[in-house]
Amino acid sequence: MIGVEHYLVVSVVLFCLGLLGLIIRRNLIVMYMGLELMLNAANLALVAFSHYRNNLDGQIMVFFIITVAAAEVAVGLALIVALYRKRQTNDVNDLTSMKL
Amino acid sequence: MQDLLFYIFSALTLLCGLLVVFNPFSRNPVTSAMFLVLTIISMSGLFVLLKAFFLAAVQILVYAGAVIVLFLFVIMLLDVKEEERRRFQKFGTFLGFASVAGLAGIIINSIGQSGIGNAPALNGNGVGETRELGHKLFTEYVIPFEIVSLLLLVAMVGCILLSKRDESKKEETQ
């Protein structure tokens, strides 16, 4: 029988994969994909709790998270495009103007 | 049957998730985006197993339909060839894997020790009514819903402003 802990383990591993993407990749777009993976991992945990508690609040929260993630992606990608226009790069190793 | 489906979908989700961030055969962001689509689709399979049918549909519509298309648009606008020339830094990759594996080990261990699977409050069978979800969304959660719609409007205005700025500057200099 699959319990809530199975879904939580999948969610944790997926979150860590997103974090891994943020750590090892230097391309801004792929780092954004890692962020999406982390948001999706949180969604999975919320839906699992909502299922096993017979409570719909978790699903409503996931609905809001999906909306906010869509808005975030739109603004973030617009920022990346604006940055690329200015600097001709989307690699974080080349974006060091805020370093001391 | 449901157990088998859970294992299939979760293995697919994790495998494709790994290939999004660490693909030994290709450094191309387009490949990452395609594997992200596969991750999203298998995750919506997990949502169906959890009786969240509406969210499974929204997940495919919004993520696979809108977000990934946006990603692909931006990847095509930018230069993808440069990314392929850069190599993985071996030491950094190894350190990333080690630290992330440590974090996952700690959290999974604490899930195992908490005995959450046997908690009496957490053995429900799911309420999968889309009708109830909509009712709750428009009665109890109507103010957050309106705030989120405002947020979408702000995001839209922000996007237009960010992508318009360069042209207006050019006009000023002319």
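About the cut-offs
- Position numbers for residues count from 1 along each chain, tracking the sequence in the order it is written.
- Naming scheme: in the order in which they are written, chains are lettered from A and ligands are numbered from 1.
- Only residues with pLDDT of at least 70 get local features here, since the model is predicted, and only at 80 or more are side-chain atom pairs given and counted; chain-wide, interface and lining totals rely on the full set of residues.
- Where side-chain values are given, they derive from all heavy atoms of the structure, hydrogens and water being excluded.
- Counting from the N terminus, the helices are DSSP H or I runs at least four residues long and the strands are E runs at least two residues long.
- Working definition: with a 1.4 Å probe on protein chains only, accessible area under 20% of the residue-type maximum means buried, over 50% means exposed, and in between means partly exposed.
- The accessible surface values rely on the Shrake-Rupley method and a 1.4 Å probe; as for residues, cover is taken only from the protein chains in view.
- Restricting the calculation to C-alpha atoms gives the radius of gyration, and the globule rule supplies 2.2 Å times the number of residues raised to the power 0.38.
- Residue contacts follow a heavy-atom distance rule, with two residues in contact if any of their heavy atoms lie within 4.5 Å.
- By the counting scheme adopted, Arg and Lys are positive, Glu and Asp are negative, and His together with the chain ends is not counted.
- The atom standing in for a charge is NZ when the residue is Lys, CZ when it is Arg, CG when it is Asp and CD when it is Glu.
- Residue-level confidence of the predictor is what pLDDT reports, using numbers from 0 through 100.
- Among buried residues, the Ala, Val, Leu, Ile, Met, Phe, Trp, Tyr and Cys ones that are joined through side-chain atoms within 4.5 Å form a nonpolar core.
- Orientation is described by axes fitted as lines to C-alpha atoms, over the contacting stretch for helices, and by angles from 0 to 180 degrees between their N-to-C directions.
- Here roughly perpendicular refers to angles of 65 to 115 degrees, roughly parallel to angles under 35, roughly antiparallel to angles over 145, and oblique to all remaining angles.
- By convention in these notes, a salt bridge is any Lys or Arg side-chain nitrogen within 4 Å of a carboxyl oxygen on Asp or Glu.
- Put simply, buried area is the surface a 1.4 Å probe can reach on two separate parts but cannot reach once they are joined, added for both.
- All residues other than Ala, Val, Leu, Ile, Met, Phe, Trp, Tyr, Cys, Pro, Asp, Glu, Lys and Arg, Gly among them, are scored as polar; the first ten of these are nonpolar and the last four charged.

The helix and strand inventory of chain B stands at seven helices and zero strands. Walking chain B from its N terminus toward its C terminus, one meets helices and strands in the order α-α-α-α-α-α-α. Going through the 174 residues of chain B one by one, you find that 33% of them count as buried. Accessible surface computed for chain B: about 10,700 Å², of which carbon and sulfur atoms make up 69%.

Now for the overall build of chain A. Looking only at helices and strands, chain A features three helices and zero strands. For chain A, the succession of helices and strands along the chain, N to C, is α-α-α. At 17 Å, chain A has a C-alpha radius of gyration far larger than the 13 Å of a compact globule built from 100 residues. Residue pairs in contact within chain A that sit at least 24 positions apart in sequence constitute 59% of those at least 6 positions apart. By element, 67% of the accessible surface of chain A is carried by carbon and sulfur atoms, the whole surface being about 3,900 Å². Of the side chains in chain A, 7 bear a positive and 6 a negative charge, and the two mean positions are spaced by 12 Å.

With that out of the way, let us pick up the confidence of the model for chain A. In this model, chain A carries a mean pLDDT of 90, and residues with pLDDT of at least 70 account for 100%. Mean pLDDT across the elements of chain A bottoms out in helix α3 (residues 57–87) of chain A (91) and peaks in helix α1 (residues 4–24) of chain A (93).

Counting 68 residues, the largest nonpolar core has Tyr 7, Ile 29, Met 33 and Leu 44 of chain A together with Phe 47, Leu 55 and Phe 71 of chain B as its most contacted members. Those elements that place two or more of their residues in this core are α1, α2 (28–53) and α3 of chain A together with α1 (2–21), α2 (29–49), α3 (53–77), α5 (90–114) and α6 (130–139) of chain B. Not counting residues within four places of it along the chain, the set of residues in contact with Phe 47 of chain B comprises Asn 43, Leu 44 and Val 47 of chain A together with Ala 52, Leu 55, Ala 56 and Gln 59 of chain B.

Here we take up the packing of α1 of chain A against α1 of chain B. A packed helix pair is summarised by two numbers, namely the angle formed by the two axes and the spacing between the axes. The geometry of α1 of chain A relative to α1 of chain B is characterised by a closest axis approach of 9 Å and an angle of 10° between their N-to-C directions. Considered as vectors, α1 of chain A and α1 of chain B are oriented roughly parallel to each other. Judged by residue contacts, His 6, Tyr 7, Val 10, Val 13, Leu 14, Leu 17, Leu 20, Gly 21 and Ile 24 of chain A of α1 of chain A engage Phe 6, Tyr 7, Ser 10, Thr 13, Leu 14, Gly 17, Leu 18 and Val 21 of chain B from α1 of chain B.

Per the counting criterion, the structure on display carries one salt bridge over all chains. Close ionic contact of Asp 57 of chain A with Lys 136 of chain B constitutes a salt bridge, the shortest N to O distance being 2.9 Å. Of this pair, Asp 57 of chain A sits in helix α3 while Lys 136 of chain B sits in helix α6, placing the two residues on different chains.

Listed per partner, the contact involves 81 residues of chain B and 67 residues of chain A. Across the chain B to chain A interface the summed buried area is about 7,000 Å²; carbon plus sulfur atoms make up 76%. Three residues, Val 21, Leu 50 and Phe 71 of chain B, lead the burial of chain B against chain A; their summed loss comes to 10% of the area buried on that side. Inspection of the chain B/chain A interface yields one salt bridge. Those elements giving two or more residues to the side of chain B that touches chain A turn out to be α1, α2, α3, α4 (81–85), α5, α6 and α7 (142–173) of chain B. Classifying every residue of the side of chain B that touches chain A gives 52 nonpolar, 16 polar and 13 charged.

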